Every structure is written in structure tokens, then in C-alpha cells.
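# A structural walkthrough
The lines below spell out each chain.
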Amino acid sequence: MRLSEEGKQLLLEGARALGEDVGPHLPRFDRLYDLLTEANQQVNLTALREERAVVIKHFLDSLSCLLSGRLEGELAVIDVGTGAGFPGLPLKIVRPALRMHFLEATRKKLRYVEEASTALGLPGTAFLWDRAEAVAHRPRWRERFDRAVVRAVGPMGEISELCLPLLRVGGYLIAQKGPEVGAELEGAEEGLKPLGGVLEEVKAFELPFTGDQRRLVIIKKVAPSAPRYPRKPEAIARHGLF
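Residues numbered from 1 in each chain as written. Predicted model: local features only at pLDDT ≥ 70, side-chain atom pairs only at ≥ 80, totals over all residues. Heavy atoms only, no water.

### A short note on the overall build of the protein
What counts is decided by this rule: The secondary structure listing takes helices from DSSP runs of H or I that are at least 4 residues long and strands from runs of E that are at least 2 residues long, numbered from the N terminus. Two things to know: the radius of gyration comes from C-alpha atoms, and the globule rule equals 2.2 Å times the number of residues to the power 0.38. A simple rule labels every residue: compare its accessible area, found with a 1.4 Å probe on the protein chains alone, to the largest value its type can have, and call it buried under 20%, exposed over 50%, or partly exposed in between. Should any heavy atoms of two residues lie within 4.5 Å, those residues are considered in contact. Surface exposure here means Shrake-Rupley accessible area, sampled with a 1.4 Å probe, where a residue is shielded only by the protein chains that are shown. By the counting rule applied here, Lys and Arg register as positive and Asp and Glu as negative, while His and the ends of each chain are not counted. Here the site of a charge means atom NZ of a Lys, CZ of an Arg, CG of an Asp or CD of a Glu.
Along its length, the protein carries 10 helices and seven strands. Computed over its C-alpha atoms, the radius of gyration of the protein comes to 17 Å, within 12% of the 18 Å expected for a compact globule of 242 residues. Seen through its C-alpha atoms, the protein measures out along the principal axes to roughly 50 × 35 × 30 Å. Buried positions account for 55% of the 242 residues belonging to the protein. Counted over contacts in the protein with a minimum sequence separation of 6, partners at least 24 positions apart contribute 69%. For the protein, the exposed surface amounts to about 10,600 Å²; the carbon and sulfur share of it is 51%. One finds the centroid of the 35 positive side-chain charges in the protein at a distance of 5 Å from the centroid of its 33 negative side-chain charges.

### Regarding the packing of helix α1 (residues 5-17) against helix α3 (residues 51-63)
To be explicit about the condition: For helices, the fitted line uses only the C-alpha atoms of the stretch in contact; every axis is such a line through C-alpha atoms, and the angle between N-to-C directions lies from 0 to 180 degrees. These descriptions rest on fixed angle ranges, namely under 35 degrees for roughly parallel, over 145 for roughly antiparallel, 65 to 115 for roughly perpendicular, and the rest for oblique. The handedness criterion is simple: a crossing whose near helix is rotated anticlockwise from the far helix by less than a right angle is left-handed, and one whose near helix is rotated clockwise is right-handed. Here the nonpolar group is Ala, Val, Leu, Ile, Met, Phe, Trp, Tyr, Cys and Pro; Asp, Glu, Lys and Arg are the charged ones; every other residue, Gly included, is treated as polar.
The N-to-C vectors of α1 and α3 enclose an angle of 30°; their axes lie 10 Å apart at closest approach. One finds that α1 runs roughly parallel with respect to α3. The handedness of the crossing between α1 and α3 comes out as right-handed. When α1 is examined against α3, the residues Gly7, Leu10, Leu11, Gly14 and Ala15 are found in contact with a partner set consisting of Glu51, Arg52, Val55, Ile56, Phe59, Leu60 and Leu63. Classifying every residue of the contact of α1 with α3 by side-chain character gives eight nonpolar, two polar and two charged.

### Here's the deal with the environment of Tyr172
Residue position: Tyr172 is located in strand β5 (residues 167-177). C-alpha separation for the pair Tyr172 and Val222, spaced 50 residues apart in sequence, amounts to 9.3 Å.

### Topic: the pairing of strand β1 (residues 76-80)
Note the threshold: The pairing criterion for strands is at least two bridges between them, as found by DSSP. If you view a crossover with the strands going away from you and the path from the first strand over the helix to the second runs clockwise, you call it right-handed.
Taken across its five residues, β1 has five buried, putting it largely inside the fold. In β1, alternate side chains face the same way, and those of Ala76, Ile78 and Val80 on one face and Val77 and Asp79 on the other are all buried. Examined bridge by bridge, β1 and strand β2 (residues 99-104) share five bridges and lie parallel to one another. Paired with Ile78 across the bridge in β2 is His101. At this point the chain moves from β1, through helix α4 (residues 88-94), to the parallel β2, and the crossover so formed is right-handed. Two strands pair when backbone bridges link them, and β1 and strand β4 (residues 145-151) are joined in this way by three bridges, in the parallel orientation. Note on β4: the bridge partner recorded for Val77 is Arg147.

### What about the sheet that holds strand β7 (residues 213-221)?
Pairing between sheet strands relies on hydrogen bonds along the backbone, with the strands arranged either parallel or antiparallel. In spatial order, the strands read β3-β2-β1-β4-β5-β7-β6; together these seven strands make up an open sheet with mixed pairing. The two strands at the open ends of the sheet, each matched to only one other strand, are β3 (125-129) and β6 (197-206). Between one strand axis and the next, the sheet turns by 20° as a mean value, whatever way the strands run. When β2 meets β3, the two strands line up parallel, connected through five bridges. Bridge pairing links His101 to Ala126 in β3. α3 contacts β4, β5 and β7 of the sheet and is inclined by roughly 150° relative to β4. Helix-sheet contacts for helix α7 (residues 156-163) involve β1, β4, β5 and β7, and the interaxial angle to β5 is about 145°.

### A short note on the pattern of salt bridges
Put simply, the rule is: Think of a salt bridge as a Lys or Arg side-chain nitrogen and an Asp or Glu carboxyl oxygen that are within 4 Å of each other.
One pass over the structure, following the stated rule, counts 17 salt bridges. For the salt bridge of Glu190 with Lys193, the shortest nitrogen-to-oxygen distance reads 2.9 Å. Taken individually, Glu190 and Lys193 each receive the classification exposed, so the pair is uniform in this respect. When salt bridges with common partners are traced through the structure, they connect Arg2, Asp30, Arg31 and Asp34 into a single cluster.

### Quick look at the nonpolar core
Stated precisely, the cut-off is as follows: In this text, buried Ala, Val, Leu, Ile, Met, Phe, Trp, Tyr and Cys residues form a nonpolar core when linked through side-chain atoms within 4.5 Å.
If you look at the biggest cluster of nonpolar residues, it comprises 46 residues, and the most contacted ones within it are Phe59, Leu63 and Tyr112. Elements that contribute at least two residues to this core include exactly α1, α2 (26-39), α3, α4, β2 and α5 (107-120). The element contributing the most residues to this core is α2, with seven residues. Those residues in contact with Phe59, other than ones at most four positions away along the chain, are Leu11, Phe29, Leu32, Tyr33, Val54, Phe86 and Pro90. Within the second largest apolar cluster, 31 residues are counted, among which are Leu128, Ala136, Leu192 and Leu195.

In C-alpha cells form, the structure reads like this:
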């Protein structure tokens with residue numbers, strides 16, 4: 001199922017509101033919508049099935065990461081817990097120079113993301129089937145990436161612990177959160193120290209058309225993460241860093 005003309009206009013106008021011209025990339029977004037809707041009939045990739053919701057809450061929400069101003073150029077990026085490929089696939093479409101790595105623990109979801117990437121003709125991609133706390137302790141991937149992006153469903157302390165050890169010194173974590181994130185960041189200054197991070201910016205914006213309040217939490221990696229991090233999930237849950 002391809003995007004309707006209304007869906008295409010919604011994507012174009014919403015992207016413009018975010019400062020992006022996706023006109024040249026419209027055929028790929030059209031194809032991505034087709035791939036997602038077809039695969040979602042076989043695998044539970046997303047609860048969003050109505051076209052308008054997919055365009056706004058998947059495509060445009062993913063593109064909002066570009067408001068960080070830190071996703072330009074040939075960067076090694078890891079999309080942590082990519083799920084159905086968000087925000088990584090839309091970002092890769094509009095910023096093809098990004099070397100995008102998709103990390104996902106659910107094999108069926110990652111298989112779809114890999115197949116979609118191939119169908120979309122997106123080179124410079126890699127696919128990691130594992131959990132972040134395991135990947136971050138492997139020498140091949142530890143402190144390897146320039147950027148980490150994440151649609152953050154957990155608390156910022158947990159997200160920071162899982163993601164910052166994957167970043168090289170000088171890299172950035174870009175986490176998509178809601179307006180409640182301020183409370184989650186209490187104690188972040190001290191809590192980020194063993195991870196080598198500092199909170200650099202919390203960027204507020206509204207999601208186009210819905211007016212939903214969103215935040216981009218931007219954390220810079222300024223020193224190596226202590227070797228013991230990230231801990232196992234149960235330890236993180238019991239004793240969060242902040």
C-alpha cells in the first residue's frame with residue numbers, strides 16, 4: 001500500500017515545519033510505507049496502522065532528531081532498540097552519508113529492518129541482533145560510534161547507561177523524550193560522570209500537526225566510560241545512576 005496524495009503532502013509539509021525538504025526522498029518514503037504496512041500484517045512491528053499516524057508519529061517524529069544539529073556528515077550512528085527501524089531508516093533516507101547501525105534484540109523486527117534497507121537501496125548500513133548491554137562490552141563496538149539515537153521509552157538514567165559506553169569520546173547521545181523528561185534528569189550531572197557524559201542540551205519542540213510536546217536530550221561523551229558499565233538490566237533497574 002503506497003502513500004496517498006494526502007499522505008505525501010502531510011509528509012512534505014511536516015518535514016518543512018522541521019526545516020527539511022524531503023521532496024527528493026519522497027519515493028523512498030513511499031516505498032517504506034508500503035514495506036511497513038505489508039510486513040506489519042505478518043509481524044507485529046507497530047501498533048500504528050492508519051496512514052496519518054504513521055507519517056506523523058514514525059516518519060516525522062524520526063526526522064525530528066535532525067533538530068539536534070548533530071547528524072550531519074559521514075558519522076557512524078547506532079540506532080539503539082530500533083524496533084521497526086525508527087528513527088534510523090528515515091534518518092538514513094534523508095542523510096545517506098550516515099553509516100547507520102541498527103541494534104535490536106527482537107530477531108523478526110531486525111530482519112524486517114534489514115530487508116527494508118535492502119529494498120530501499122540504502123548502502124552503508126549494518127544490523128546487530130543483540131541487547132545494548134551486551135554489545136557495549138564487546139571491543140569491536142565499545143566506544144566506536146559518533147552518535148547514538150534512541151526513541152526513549154525508559155528513564156534517562158537507564159538509557160544513558162546503555163548508550164554512552166557505545167560512544168567514542170566527543171560523540172553524542174540524542175534521545176527522543178516527552179515533556180516529563182525534566183524530572184528524569186534530576187541528579188544527571190553526578191550520575192553521568194562514571195559514563196563519561198555531560199548533559200549539553202534539552203531541546204524543546206512540537207511535533208507537526210499534533211502539537212505534541214517533544215524533547216531531544218543531547219548528552220556529550222567527554223571521557224571514557226568506566227569499564228563496569230553498562231551493568232546488567234536488573235542491576236540498572238535496582239540502582240539507577242540518576
